[in-house]
Amino acid sequence: MSRSENAGGAGGSTGQDPAAPARGSISLRGLRKTFARGRGKGEFHALDGVDLDIPGGSIFGVIGRSGAGKSTLLRTINLLAAPDSGEVLIDGVPVTGARGAELAAQRRKTGMIFQHFSLMTSKTVWQNVALPLRLAGTPETEIDRRVAELIALVGLVEHAHAYPAALSGGQKQRVAIARALVHDPEILLSDEA
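What you see is a predicted model, and the numbers here were worked out from it, not measured in a lab.

(A) Structural view of the sheet that holds strand β2 (residues 43–54). Strand order in the open sheet made by the 4 strands is β2-β1-β3-β4, with antiparallel pairing throughout. Across the chains shown, the open sheet's two edge strands, defined by having one partner strand only, are β2 and β4 (93–94). Judged from the 5 bridges that link them, strand β1 (residues 26–36) and strand β3 (residues 85–90) form a sheet pairing that is antiparallel. Each residue of the ladder has a partner; that of serine 27, found in β3, is leucine 89. Along the sheet face, helix α1 (residues 70–77) touches β1, β2 and β3 and points at about 120 degrees away from the line of β1.

This is the structure in structure tokens:
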């Protein structure tokens, strides 16, 4: 991966400090993540000193062959995987060591569309989309409003009470997208969606 320059924040009429990172900016500094290959086979360096700046409000793609570390990079950005070393900064704030409530709050700011959907098979479309809101303690009326809005957005109103087993792959993907948008995240990460 190559290093890009941070475009900085928006200035002018917004009143924001021009030197401050834009909302939703991601910076990675010296990110490393290593996995054991198996007994006696050494290690695999999925991330080896990654430095990267992604300005807020931009669309950024990472391409590479299978096994190159793309999913590991995303899982490290959204703090589902801790790096061995290095730092993740969101909006200029280090988040690598976030724990507990701070970690939960950071994850709500970063939506994730997983490569294999990660839907709960025992829950309906509606329940899958509502789950993150319920876990966050959102009032039921707000859950109903937000879930209805997102299910309509992804075109699954007629499947709201269907279970994942009854859906096509594309429909499951749309449920995963709705769920990723449920907290109105600053950042949306998509793993081969």
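(B) The pairing of β1, seen in detail. In this sheet, β2 lies alongside β1 in antiparallel orientation, the contact comprising 9 bridges. Counted as the bridge partner of isoleucine 26 is isoleucine 54 from β2. Taking the residues between adjacent antiparallel strands as the criterion, β1 and β2 are bridged by 6 residues, where glycine 38 takes a positive phi near 130 degrees.

(C) Main features of helix α4 (residues 140–153). Taking 1.5 Å as the rise per residue, α4 with 14 residues should run 20 Å; its terminal C-alpha atoms sit 20 Å apart, in good agreement. Summarising the contacts, the buried residues of α4 are in contact with α3 (125–135) and α5 (169–181). Trailing α4 by a residue or two, glycine 155 shows a phi angle of about 70 degrees, which is positive.

(D) Molecular detail of the environment of valine 88. When you line up the elements, valine 88 lands in strand β3. Spatially, the C-alpha atom of valine 88 lies 6.5 Å from that of isoleucine 77, the residues being 11 residues apart in sequence. With near-sequence residues (within four places) excluded, valine 88 lies in contact with Ser27, Leu28, Leu31, Thr76, Ile77, Val93, Pro94, Val95 and Thr96.

(E) Representation of the nonpolar core. In this structure, Ile26, Leu28, Leu31, Val50, Leu73 and Leu189 are the most contacted members of the largest nonpolar core, which totals 19 residues. For this core, the leading source of residues is β2, giving 4 residues. Discounting residues that sit within four places of it in the chain, leucine 28 has contacts with Val50, Asp51, Leu52, Leu73, Ile77, Glu87 and Val88. Leu119, Ile143, Leu150 and Ile151 belong to the second largest nonpolar core, which has 18 residues in total.

(F) Looking closely at the environment of phenylalanine 117. The residue phenylalanine 117 is located in the loop between β5 (110–113) and α3 in this model. Expressed as a C-alpha distance, the spacing of phenylalanine 117 and proline 164, which sit 47 residues apart in the sequence, is 9.9 Å. Residue contacts for phenylalanine 117: discarding those within four places in its chain leaves Gly169, Lys172, Gln173, Ala176 and Arg179.

What counts and how
Residues numbered from 1 in each chain as written. Predicted model: local features only at pLDDT ≥ 70, side-chain atom pairs only at ≥ 80, totals over all residues. Heavy atoms only, no water. Pairing = 2+ DSSP bridges. Helix = DSSP H or I, 4+ residues; strand = E, 2+ residues; numbered from the N terminus. Contact = heavy atoms within 4.5 Å. Axes fitted to C-alpha atoms, helices over the stretch in contact; angles between N-to-C directions. Expected span 1.5 Å × (residues − 1). Core = buried A, V, L, I, M, F, W, Y, C linked by side-chain atoms within 4.5 Å. Buried < 20%, exposed > 50% of the residue type's maximum accessible area, 1.4 Å probe, protein only.

Taken by themselves, the reported measurements are silent on function.
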